[in-house]
Amino acid sequence: MDSDLGPEGVETVCEVCEVELDRITEVAQLTDQDIELLRQPRRRINANIPVRMDDGSIDVFPSFRIQYNGARGPTKGGIRFHPGVNESEVDELAFLMTLKCAVVDIPFGGAKGGVQVDPSELSAGELERLSRAYVREYHDTIGPQSDIPAPDVNTDAQIMAWMRDEYERLEGEHAPGAITGKPPALDGSEGRDTATALGGAEILDAFVDHADIDGQIDVAIQGFGNVGSHLARFLHDRGYNVVAVSNAAGGIRDPTGLAVTELIDGYESEHDLFEFDATEISNEELLTADVDVLIPAAIEDQITQSNMAEIQAAAVLEMANGPTTPAADEYLAEQGIPVIPDILANAGGVTVSYFEWVQNTTNEYWTERRVQEKLRKQMRTAFEAVAELKTDGQPDRTWREAAYTRAVDAVLTAESYRSNIPDPTDRSGSGVSPD
Ligand SMILES: NC(=O)C1=CN([C@@H]2O[C@H](COP(=O)(O)OP(=O)(O)OC[C@H]3O[C@@H](n4cnc5c(N)ncnc54)[C@H](O)[C@@H]3O)[C@@H](O)[C@H]2O)C=CC1
Ligand SMILES: O=C(O)CCC(=O)C(=O)O
């Protein structure tokens, strides 16, 4: 990921995690020992995975699984299939997962996985063989009580079903809780497919209430995959005016509001935004559109030093992981543009993954309505705790700093009880009690 460090850079193992930690050291009152505990992942594993292709040849795919911190529970995080994925990106994503699980207070640590592949170039058979091979490579380190993968960019419920099946073949027993994001027909949770988006919609509603905003709210959403498309529908249903959306090929815009239901129906069959009757725009135009809320929901590093001065949105809701570089984040804060950070805004997905794991563990399955009610409550509670830290005596704290403060404190408190660090109860000023 682009960390805006400049040509000299900072030579550390997880450079971006260190940059993030630097930003919160003061606000979260971190000691050198705290930083030492958080600046590197506990475990990095990688494997070059050979896969038999349909034409009989063998291709080798570099892959990663990084288990960042497990103080609060089994490590948890998605696996992405993307040609550009690399170790440093997975490091940062695993770090963010650690904080994300802590900020919404679910009993997991953080991890992330990735495979360097363009899945659109694989047949269904090749994709299945790759997914199963990934589990064979990492089988010894994953499991319902150790490290639990889930979907992320370019991975879905079908891939999770193959992975779970492979895991169970190797274990020789039923173990649905080893993987989440499975199809509901195969022990997945109702509502997991829309959970990240529903969680984001709930956080945006909470922010609008908190900031006392009324009147029509125009939103632009970058990314029209699992997160972006479901979010467009939830926000439209809640009365927001979705004026622009995009995917990797570019976007469309209608300042009077896109007809979201028709758009989604058409997109499901054609997968082409440009079939829809609206003005075509580039992703850059979408990011700099004059809207109330800009929602990056695609990939990392979209709001950067090169476009930050052009951002016109009154607020940013980060649904993608890491869409704003540190330098751009600082700039937006100086401009008074609130950024609701990824670890809070997109935590709905992992929250319902946790619900799925609970259902798998108890063998008792919930309705979609029950899942969604519990999700809304969990997201609102997390938002209120972060909002309290943001306003509590430190008016200059950004939303990201407040969320990091809550998360880092929860992780370090758990670490302190495990690691015989003195004064575990003395982590004051954070809002998270060790009890
Ligand atoms: N799926 C989930 O449950 C969660 C996803 N996230 C994050 O949300 C983001 C989106 O994830 P998904 O929707 O699941 O992925 P997806 O693979 O379903 O969709 C990604 C979308 O982004 C678009 N895209 C890709 N590159 C782009 C670019 N350069 N410019 C504009 N659009 C581009 C794609 O065309 C697609 O519409 C990622 O950052 C992911 O890590 C975060 C939490 C949970
Ligand atoms: O559902 C999960 O366990 C993880 C989702 C994820 O990878 C993320 O929140 O970035």
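Calculation rules
- Residues numbered from 1 in each chain as written.
- Chains lettered and ligands numbered in written order.
- Predicted model: local features only at pLDDT ≥ 70, side-chain atom pairs only at ≥ 80, totals over all residues.
- UniProt positions renumbered as here; feature names shortened; annotations may be inferred.
- Near = placed C-beta within 6 Å.
- Helix = DSSP H or I, 4+ residues; strand = E, 2+ residues; numbered from the N terminus.
- Nonpolar A, V, L, I, M, F, W, Y, C, P; charged D, E, K, R; others polar.
- Domains from an automatic or database assignment.
- pLDDT = per-residue confidence, 0-100.
- Contact = placed C-beta atoms within 7 Å.
- Buried ≥ 20, exposed ≤ 12 C-beta atoms within 10 Å, placed from the backbone.

Looking at an unreviewed UniProt entry, one finds the chain named Glutamate dehydrogenase and attributed to Halovenus carboxidivorans. Quoted verbatim from the Sequence similarities (unreviewed entry) field of the UniProt record, the comment on the chain reads "Belongs to the Glu/Leu/Phe/Val dehydrogenases family."

A. Region of the structure containing the site of ligand 1. Of all residues adjacent to ligand 1, which total 24 residues, the nearest are G225, N247, A298, A320 and G349. For the shell around ligand 1, the secondary structure elements donating two or more residues are α7 (226-237) and β7 (241-247). Residue contributions to the shell around ligand 1 peak at three residues, all from α7. The class makeup of the residues in the shell around ligand 1 is 10 nonpolar, 13 polar and one charged. Shared between two domains, the shell around ligand 1 takes at least three residues from each, and those domains are domain 2 (43-176) and domain 3 (194-345).

B. Representation of the confidence of the model for the chain. Mean pLDDT over the chain works out to 92, with 93% of the residues at or above the 70 mark. Every residue in residues 1-12 is under pLDDT 50, and counting partners more than four places away or in other chains gives 25 contacts. With pLDDT under 50 throughout, residues 428-435 is counted as low confidence; its partners more than four residues away or in other chains account for 17 contacts. Two numbers describe this predicted complex: its pTM, 0.93, and its ipTM, 0.99.

C. Representation of the site of ligand 2 within the structure. Near ligand 2, the surroundings consist of 14 residues, among which G78, A150, D152, V350 and S353 are the closest. Looking at the shell around ligand 2, the elements with two or more residues in it are β3 (75-81), α3 (87-103) and α12 (348-362).

D. Quick look at the UniProt feature "site: Important for catalysis" (unreviewed entry) in the chain. UniProt feature "site: Important for catalysis" (unreviewed entry): in the numbering of this structure it lies at D152. Mapping D152 onto the fold places it in the loop between β5 (147-151) and α5 (157-171). With 23 C-beta atoms counted inside 10 Å, the residue D152 sits in the buried group. For D152, the residues in contact, after removing those within four places along its chain, are G78, I79 and R80.

E. The domain arrangement of the chain, seen in detail. What the domain assignment reports for the chain is domain 1 (1-40 + 397-435), domain 2 (43-176) and domain 3 (194-345). Contact residues are listed per partner, giving 11 residues for domain 1 and 16 residues for domain 3. Mapped onto the side of domain 1 that touches domain 3, the elements with two or more residues apiece are α1 (15-25) and α14 (399-419). Element by element, the count of residues in the side of domain 1 that touches domain 3 is highest for α14, at four residues. Looking at the side of domain 1 that touches domain 3, its residues break down into five nonpolar, two polar and four charged.

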